Amino acid sequence: AQSVTQPDIHITVSEGASLELRCNYSYGATPYLFWYVQSPGQGLQLLLKYFSGDTLVQGIKGFEAEFKRSQSSFNLRKPSVHWSDAAEYFCAVRGNTGANNLFFGTGTRLTVIP
Amino acid sequence: EAGVAQSPRYKIIEKRQSVAFWCNPISGHATLYWYQQILGQGPKLLIQFQNNGVVDDSQLPKDRFSAERLKGVDSTLKIQPAKLEDSAVYLCASSWGGIDTQYFGPGTRLTVL
């Protein structure tokens, strides 16, 4: 069965600093991987996704993520964080067959210090 | 393009009462999902519709939860009777088809007292 682990519950970074949010997945075959962002009181917005091909994927708002099969990881990165990036970030996995069920991690809350 | 619409945004009820949530997906999206997001956790799928048929409801507590999408467009999720542990945000999402990117609504925050 698919599952996702986000080991960091809460991360604090200074504005302008680089960011890396960790995501590890469990799935028997090549998964479909997603990062979503959720601002307070808002729904989830898709940042980026990986289905196949180039393992480094670019997303919106300057985010990127790298799929590493050997480490079962899909970490999210941003070279310079803005105060508006403060939010909850969720990694999700979906199997590449069958239903379109997304399995989400527990999320990482990002705080940005001015 | 309008996004996924949900109402109400907030609801407070007492345990054993009933409550209903409404979702209108993005126009043309055939697949609709309901997720439950308990505080401190990621969203968990409750039910998935393809047009007006149920694709997956394996995680739906059917003794108290029900959902319908009668005309294959908007959907209603009902809880009857509510329990304290049902306090959560209920998210609706939609996609073009069963394998496409899901787009989420703002959610309904339910508090059961």
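See above for the structure.
From a predicted model like this one, the values you see are computed outputs, not experimental measurements. Per chain, the residues get numbers from 1 upward, laid out in the order the sequence is written. Chains and ligands are labelled sequentially in the order written, the chains with letters from A and the ligands with numbers from 1. Local features in this predicted model are restricted to residues of pLDDT 70 or higher, and side-chain atom pairs are both shown and tallied only at a pLDDT of 80 or more, whereas totals for entire chains, interfaces and linings draw on every residue. Hydrogens and waters are ignored; side-chain quantities use all the structure's heavy atoms.

### Brief notes about the sheet that holds strand β8 (residues 75-79) of chain B
Residues and elements named next belong to chain B. At least two bridges found by DSSP between two strands is the condition for calling them paired. Where helices and strands are cited, they refer to DSSP runs of H or I of at least four residues and of E of at least two residues respectively, numbered from the N terminus. Read from one edge of the open sheet, four strands run β1-β3-β8-β7, paired in antiparallel fashion. Looking at strand neighbours, the two that pair on one side only are β1 (5-7) and β7 (65-68), the edges of this open sheet. Pairwise comparison of adjacent strand axes, ignoring direction, gives a mean angle of 15° for this sheet. Sheet analysis places strand β3 (residues 19-24) next to β8, joined by five bridges and oriented antiparallel. Opposite W22, over in β8, you have T76 as the bridge partner. Lines fitted to C-alpha atoms define the axes, with helix axes restricted to the stretch in contact, and inter-axis angles between N-to-C directions lie between 0 and 180 degrees.

### A few points about the nonpolar core
Ranked by size, the top nonpolar core spans 26 residues in total, and within it W35, L48, F74, L76 and Y89 of chain A carry the most contacts. Among the elements of the structure, β2 (10-14), β3 (19-21), β5 (32-38), β6 (44-50), β8 (64-68), β9 (73-78), β10 (87-94) and β12 (108-113) of chain A are those that each provide at least two residues to this core. Among the elements that line this core, the one with the most residues is β10 of chain A, at four residues. Residues contacting L48 of chain A, with those up to four places away along its chain left out, are L33, F34, W35, V57, Q58, G59, F63, E64, A65, F74 and L76 of chain A. The definition of a nonpolar core used throughout is a set of buried Ala, Val, Leu, Ile, Met, Phe, Trp, Tyr and Cys residues joined through side-chain atoms within 4.5 Å. A simple rule labels every residue: compare its accessible area, found with a 1.4 Å probe on the protein chains alone, to the largest value its type can have, and call it buried under 20%, exposed over 50%, or partly exposed in between. Membership of the second largest hydrophobic core comes to 21 residues, among which are L46, A82, Y90 and C92 of chain B. The contact criterion used throughout is that any non-hydrogen atoms of two residues lie within 4.5 Å.

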